[in-house]
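Structural features, examined
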Amino acid sequence: MLTLDGHGLFLADIRRVLHDPGLRIAISTDARDRVRASRAVVDAAIAAGKAVYGVTTGFGKLQNRTIGPDDRLRLQRNLVRSHSCGVGALLDEPVARLVSLLRIQSIIRGHSGVTERLVDRLVAIWNSGLAPAIPEQGSVGASGDLAPLAHVALGVIGEGAFVVSGHEVSAAVALRGAGVEAEYTLREKEGLALLNGTQFSTAIGLTALLHADDLLRHADLATAMTIDGLLYSAKPFRPSVQAVRPHPGQAVTGSAVQALLQESDILMSHPGPHKVQDAYSVRCAPQVHGAVRDALSHVRSVLVREANSTTDNPLVFPDIGEVVSGGNFHAEPVALACDYMAIAAAELGSISERRIENLVNPDLSGLPPFLATEPGVCSGLMMAQVTAAALVSENKSLAHPASVDSIPTSANQEDHVSMAPIAARKARMICENTEVVLAIELLAAAEALEHRRPLFSGTGIEAAHEVIRSRVPKLTDDRVLAPDIEAVQDLIASGAIIAAAEEIVGPLIGLHPAD
């Protein structure tokens, strides 16, 4: 059980939401008190005949149109229906459920003016295990993620669809099957409260961030394995080197690589470097991986803060009894953070691909060309490096910041928008590509170690090598490599490689521990 109270939702909680299908949620007593207090302000404003945006007026360019008492509930329903314009592939079920949870977390902070009955319905739907069917495209990230969140709201009122075991099912059927009442009538402001928010962009961004966290640890491990595969030096990873340039992320990578190389026969076989200086892609790994780590730690602070924020409009302030129009729905903080994450994750893939080149290029490695068993008749890992290069090049295009773009919408009422959902989706795609690149590096580094036998690498690296070999045998002839790459990807996703290494050397750090 995870108890939500409108604050105190951390990255570890997000990971649980994404990976624990049995997780259930509850709302704290304090949060319920805040919900009731904010609703009382809305009810009082309606009773007093005040003009309240989206409650007694229209929306956007139609904000100056007065809505009479008989049409106010219809206004909320029409808002949800008319804004359900999302297109494209549906969001993965765990991420769609995270969107819903983040929306609940925002609403129960007590500035949204909804009824407690709506909160109970949102919780009931979430605890039933249903995932709203949310198309990925159609939001520009200002006035909130209107189209995606409208599809969430559509399910809440019993229209639209949910995804059940990978299949799209009509909301009414899915709700009845889950034992939840099939229909719900939105009260004043409730449609607006469900739609106005950044939770779609934030959920995708947080999902990408957790992926990047895992990739960082694999990048450090892959670097250590590559060092011994190439007979490179561990001296650039010494604490003294990192201490004179004290960026915190740099020291983490230096320490991780040194720990992984402990007890390496290969390293001890050549006390000094076999070159005057090793390639930047290895020698500068602490500086590059470290910069990525520091960037992602900043991204975490932004996205976790956003997950614990109120992003509605208008905002309800029970302490002063006012309803105030603002701009908290604008997702610029999320957009900039996700663009930063995209660039950082792209760099992690870029430097990994250069290490792959060092492993397969005989002029750089001193190993057989492309690590082939019979160079000439066999091509070895030649095309695996090409695949990595293609993905890295694709990442370069994807890393162009979405947040530098803006296009006016809603008859120029929304004259500047954030493009946060596009930034978040691009960051997610870059992480997916970078995972493949790292899988190829691990594949190549594992093969390079075979050429260093009978010497062995560090005990942590050998443990990771053994896990890789449990799924991918060493090359004895050319074979189809796509399944090998996919197998190492699976090992990355499951955490098996890192777990084996950590059992020997202790925890490998991705993001810095939260303050």
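Computed from a prediction, not measured in an experiment: that's the story for all the values here. (Residues numbered from 1 in each chain as written. Predicted model: local features only at pLDDT ≥ 70, side-chain atom pairs only at ≥ 80, totals over all residues. Heavy atoms only, no water.)

From N to C terminus, the protein chain includes 21 helices and nine strands. Here the C-alpha radius of gyration of the protein chain, 26 Å, is about what a compact globule of 515 residues would show, namely 24 Å. When each of the 515 residues of the protein chain is scored for burial, the buried share is 57%. The long-range share in the protein chain, meaning contacts at least 24 apart out of those at least 6 apart in sequence, stands at 80%. When the accessible area of the protein chain is evaluated, it comes to approximately 20,300 Å², of which 55% is carbon and sulfur surface. The centroid of the 43 positive side-chain charges in the protein chain is displaced by 4 Å from the centroid of its 58 negative side-chain charges. (Helix = DSSP H or I, 4+ residues; strand = E, 2+ residues; numbered from the N terminus. Rg over C-alpha atoms; globule rule 2.2 N^0.38 Å. Buried < 20%, exposed > 50% of the residue type's maximum accessible area, 1.4 Å probe, protein only. Contact = heavy atoms within 4.5 Å. Areas by Shrake-Rupley, 256 points an atom, 1.4 Å probe, with all protein chains shown as cover. Lys, Arg positive; Asp, Glu negative; His and termini not counted. Charge placed at Lys NZ, Arg CZ, Asp CG, Glu CD.)

Another aspect to go through is helix H6 (residues 146–156). For H6, the tally of buried residues reaches eleven of eleven residues, placing the bulk of the element in the interior. Among the residues of H6, Leu146, Ala147, Pro148, Leu149, Ala150, His151, Val152, Ala153, Leu154, Gly155 and Val156 are the ones counted as buried.

Here the focus is the packing of aromatic side chains. For the structure on display, the rule yields zero aromatic pairs. Positioned over the ring face of Trp126 is Arg97, at 3.8 Å from the centre of the ring. (Phe/Tyr/Trp six-rings, centres within 6.5 Å; stacked < 30°, edge-to-face > 60°. Lys NZ or Arg CZ within 6 Å of the ring centre and 35° of its normal.)

Turning our eyes to something else, we now look at the sheet that holds strand E7 (residues 167–170). The strand order across the open sheet formed by three strands is E4-E6-E7, and the pairing between neighbours is antiparallel. What marks the edges here is a single partner per strand, and that holds for strand E4 (131–132) and E7. Here strand E6 (residues 161–164) runs beside E7; their pairing, made up of four bridges, is antiparallel. From the neighbouring strand, Val163 faces E7, where its bridge partner is Glu168. (Pairing = 2+ DSSP bridges.)

Now for a nonpolar patch on the surface. On the surface, Met382, Met383 and Val386 cluster together to form a nonpolar patch covering roughly 250 Å² of accessible area. Of note, Met382 is situated in helix H17 (residues 382–398). (Patch = residues over 30% accessible without salt bridge, like charges linked within 9 Å, V, L, I, M, F, W, Y side chains within 5 Å. Salt bridge = Lys/Arg side-chain N within 4 Å of Asp/Glu carboxyl O.)

Moving on, we come to unusual backbone geometry. With omega at -5 degrees, the peptide bond leading from Asn313 into Pro314 counts as cis. Structurally, Pro314 can be placed in the loop between helix H14 (285–307) and strand E8 (315–317). With an omega of 15 degrees, the peptide bond running from Arg453 to Pro454 counts as cis. Phi is positive for Leu371, which is not a glycine, with a value near 60 degrees.

Attention now goes to the pattern of salt bridges. In total, this model carries 25 salt bridges according to the counting rule given. Across the pair Arg15 and Asp213 runs a salt bridge whose closest N-O atoms are separated by 3.2 Å. Taken together, the residues Arg15 in helix H1 (residues 11–19) and Asp213 in helix H9 (residues 199–229) connect sequence positions 198 residues apart. Overall, Arg15 belongs to the partly exposed group, its relative accessible area being 28%. In this structure, Asp120 engages Arg32 in a salt bridge whose closest nitrogen and oxygen atoms are separated by 2.8 Å.

Turning our eyes to something else, we now look at the packing of helix H2 (residues 29–47) against helix H5 (residues 116–127). At a minimum axis separation of 9 Å, H2 and H5 run at an interaxial angle of 135 degrees. One finds that H2 runs oblique with respect to H5. Taking contact as the criterion, the partners of Arg32, Val35 and Arg36 in H2 are, on H5, Glu116, Val119 and Asp120. (Axes fitted to C-alpha atoms, helices over the stretch in contact; angles between N-to-C directions. Parallel < 35°, antiparallel > 145°, perpendicular 65-115°, else oblique.)

Moving on, we get to the side chain of Arg355. Turning to its location among the elements, Arg355 is positioned in helix H15 (residues 332–360). Judged by its relative accessible area of 0%, Arg355 falls in the buried class. Side chain to side chain, Arg355 and Thr223 meet in a polar contact 3.3 Å long. Reaching out from Arg355, the side chain makes a polar contact with the backbone oxygen of Ser281 at a distance of 3.2 Å. Sequence-distant contacts of Arg355, that is, excluding residues within four places in its chain, are made with Ala219, Thr223, Thr226, Ser281, Val282, Ala285, His289, Leu438 and Glu441. (Polar contact = N/O pair within 3.5 Å; in protein donor to acceptor, adjacent residues only side chain to side chain.)

Residues Leu221, Met225 and Ile497 are the most contacted members of the largest nonpolar core, which totals 157 residues. With 18 residues, helix H18 (residues 420–450) is the single largest residue contributor to this core. Val41, Val42, Val52 and Val316 belong to the second largest nonpolar core, which has seven residues in total. (Core = buried A, V, L, I, M, F, W, Y, C linked by side-chain atoms within 4.5 Å.)

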